[in-house]
Each structure stands twice: as structure tokens, then as C-alpha cells.
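# Commentary on secondary and tertiary structure
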Amino acid sequence: MNPISLCYHDVLVPGVEQESGFPGADAGTYKLDLCQFRDHLAQLPAVADSKWNSVFDQHLPLLTFDDGGSCSLRIAEELERVERRGIFFVTTGLVGRTGFVTEADVRELHARGHMIGSHSCSHRGRMSEMEPERIRQEWQMSMDKLASITGSAIRLASVPSGYYAPKVATEAANSGITHLFTQQPTINIRVVDGCSVIGRYTVRRWTPSESIRSLANGESHARVQQRIQWETRAVAKNLLGRRYTSLRGWYFRATHSWRQDSHPQAQPAGVNGGGHDASR
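Rules used in this analysis
- Residues numbered from 1 in each chain as written.
- Predicted model: local features only at pLDDT ≥ 70, side-chain atom pairs only at ≥ 80, totals over all residues.
- Heavy atoms only, no water.
- Salt bridge = Lys/Arg side-chain N within 4 Å of Asp/Glu carboxyl O.
- Helix = DSSP H or I, 4+ residues; strand = E, 2+ residues; numbered from the N terminus.
- Buried < 20%, exposed > 50% of the residue type's maximum accessible area, 1.4 Å probe, protein only.
- Pairing = 2+ DSSP bridges.
- Axes fitted to C-alpha atoms, helices over the stretch in contact; angles between N-to-C directions.
- Parallel < 35°, antiparallel > 145°, perpendicular 65-115°, else oblique.
- Contact = heavy atoms within 4.5 Å.
- Nonpolar A, V, L, I, M, F, W, Y, C, P; charged D, E, K, R; others polar.

## Things to note about the pattern of salt bridges
On inspection of all chains with the given rule, the structure shows 13 salt bridges. With a closest N to O distance of 3.0 Å, glutamate 80 and arginine 112 form a salt bridge. With glutamate 80 in helix α3 (residues 72-81) and arginine 112 in the loop between α4 (103-111) and β6 (115-118), the pair connects residues that are 32 residues apart, well separated along the chain. Residue classification places arginine 112 among the partly exposed residues on the basis of a relative accessible area of 23%. Taken together, the shared-partner salt bridges in this structure form one network comprising Asp10, Glu19 and Lys31.

Shown next as C-alpha cells:
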């Protein structure tokens, strides 16, 4: 069985002056507190070899982090405590801005053995609706910037906000990307023009530790649950179009589910981790 890929975003820790990542109600649903993140890490299988070499080693769950929030180095510290490394997908147009990593942060993550990937240049718009030339520009500009920062070629990327279409993978392949991560909850890997398209299981503030353990252990019911929820949202997006994003934002603002002082489990019944499908 292919390894499970988990999609995280921000982890908020005490003492951080600026909130990491994007602001707003929808973005807040992807922000975990430090204790919750540590509980998640505790559910993962132990790393057999302390001389950890690659995120693709040992068929362990892949831990990925989208956007490039300013909390990335603190996340790295938590991963390293349990002998792990992660994949950090950075939005290069936001590097150095409030709430996001600096160039020095990206270099340090790379030097400490974490993998760096592209999360596009701008994180604007829906890639699935862009013209191929624009998609290629988003990938290429981002990869060139990250390569100049790290001194290494960039071959990994993730699709912003989950707006994937085959042409997104085609242009990723044309830009030199070999592994493209989406937010479709699946362990199946497709190959598009030589680029491996890898699904992920998205983690939200209300995702319980038990779900992480089930996913990491390869239990099918946990995967099926996310798949059903993802497909339900896909139907809603198709029916509502761009109204889906505004209605979704209204819902999260109304329920205050994004607030830091809310309990991770205090969410509507039946809600679990799902695809990151709203534009920011």
C-alpha cells in the first residue's frame, strides 16, 4: 500500500507575536494548537532508523505543510523531536511578509533535512480554471525562487486550495516538478506526463488524534470517511459555483470555529478533516 500523506497548515504556539499563515475564518480552521499537534505526532508509527534520510523512506506517513506560515521552524522542531522530517510547500510571493517564512527560514528548513516544495507563486485564483501559460508561470517562478534560496533544484509542489485539474499536473511536469500533491483524499498515485500526482488527507482543527492514528495505520474506514466528505463538497461546489466560497466563509465566521480559544472537538456533528477547497 502507498504511504498515507497528511496535509497540515499552521501550528500555533504560545509566545508567537504574529499569527502564522493566512488570516480569516476559513484559514483558521486549518490552524492547530501545539498540544494538539503533539498528540497527532504521538499517533504515528515510530521511525525505525534514527538516521532519517528522506520523507519517502520506510513507507511512513508523509507529513506535509502548506502555505509557508511563519510557524514552520517551530513545526520542524516538533518533527525532529520524534525523528521525522516534513515537506514544506512555500508560497514564494508571500516569503518575508507578516505571518510567513523568511528566506532565512526556508534555507534553515532545507539545511535541517526537511524538503521544500512549491505552493505556487501567488496563491491567487483557482489553478484549475487558469490558462496553461499562467499555471506554468505560477510553478516556474516559484520553483526558481526556491532554488535560488536553497541552492537545490525543486521537484515537489502542492496545489493551492485544492483546485486541481489534469492540466495543472501537465504544466507542473513541463516545469520540472516530479511529485505534485493535491488535496484529494486518496492513496492512489496517478502519473500525468511523468509527474506523480499524490493525494492527501487534510487535517483540520477538529480532526481528532484517533483519526490520525487510523489513517497512519492504514485503516480503510478513516480513508472512506474523508473520501465521502470530499465528494459531498465537490458536488456542492459544482452546484453553487463561486457562491460556495462565500457561503463557506459565512458559515465559519458565524460558528466561530476558527477562534483559537475554541475546543478542537467543539464542531458540528459529522464534520471531519477534508479538502482545502476555498480560495484565500
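## A word on the pairing of strand β10 (residues 195-198)
Neither face of β10 is exposed, since Cys195 and Val197 on one face and Ser196 and Ile198 on the opposite face are all buried. In this sheet, β10 lies alongside strand β8 (residues 179-181) in parallel orientation, the contact comprising 3 bridges. Across the sheet, phenylalanine 181 pairs through a bridge with isoleucine 198, a residue of β10. Turn length for the strand β9 (residues 189-192)-β10 hairpin, with the two strands adjacent in sequence and antiparallel, is 2 residues, and the turn residue aspartate 193 shows positive phi of about 50°.

## Details of the pairing of strand β1 (residues 5-8)
What you see with β1 is no split at all: Ser5 and Cys7 on one side and Leu6 and Tyr8 on the other are buried throughout. Across 4 bridges, β1 lies against strand β4 (residues 62-65) in parallel orientation. Residue pairing in the sheet places tyrosine 8 in a bridge with phenylalanine 65 of β4. Examined bridge by bridge, β1 and strand β11 (residues 201-202) share 2 bridges and lie parallel to one another. Directly across from cysteine 7, in β11, lies its bridge partner threonine 202.

## Some words on unusual backbone geometry
Backbone geometry places histidine 123, a non-glycine residue, at a positive phi of 60°. Position of histidine 123 relative to the elements: it lies in the loop between β6 and α5 (132-150). Even without being a glycine, aspartate 193 presents a positive backbone phi close to 50°. With respect to the helices and strands, the residue aspartate 193 is situated in the loop between β9 and β10. Its relative accessible area of 55% is what places aspartate 193 among the exposed residues.

## Notes on the packing of α4 against α5
Interaxial distance between α4 and α5 falls to 9 Å at its minimum, and their mutual angle equals 70°. Classified by the interaxial angle, the pair formed by α4 and α5 is roughly perpendicular. Each of Glu103, Val106, Arg107 and His110 in α4 lies in contact with α5, whose residues at this interface are Lys145, Leu146, Ile149 and Thr150. The residue inventory of the contact of α4 with α5, partitioned by class, reads 3 nonpolar, 2 polar and 3 charged.

It is worth stressing that arrangement in space is one thing and function is another; only the former is reported here.
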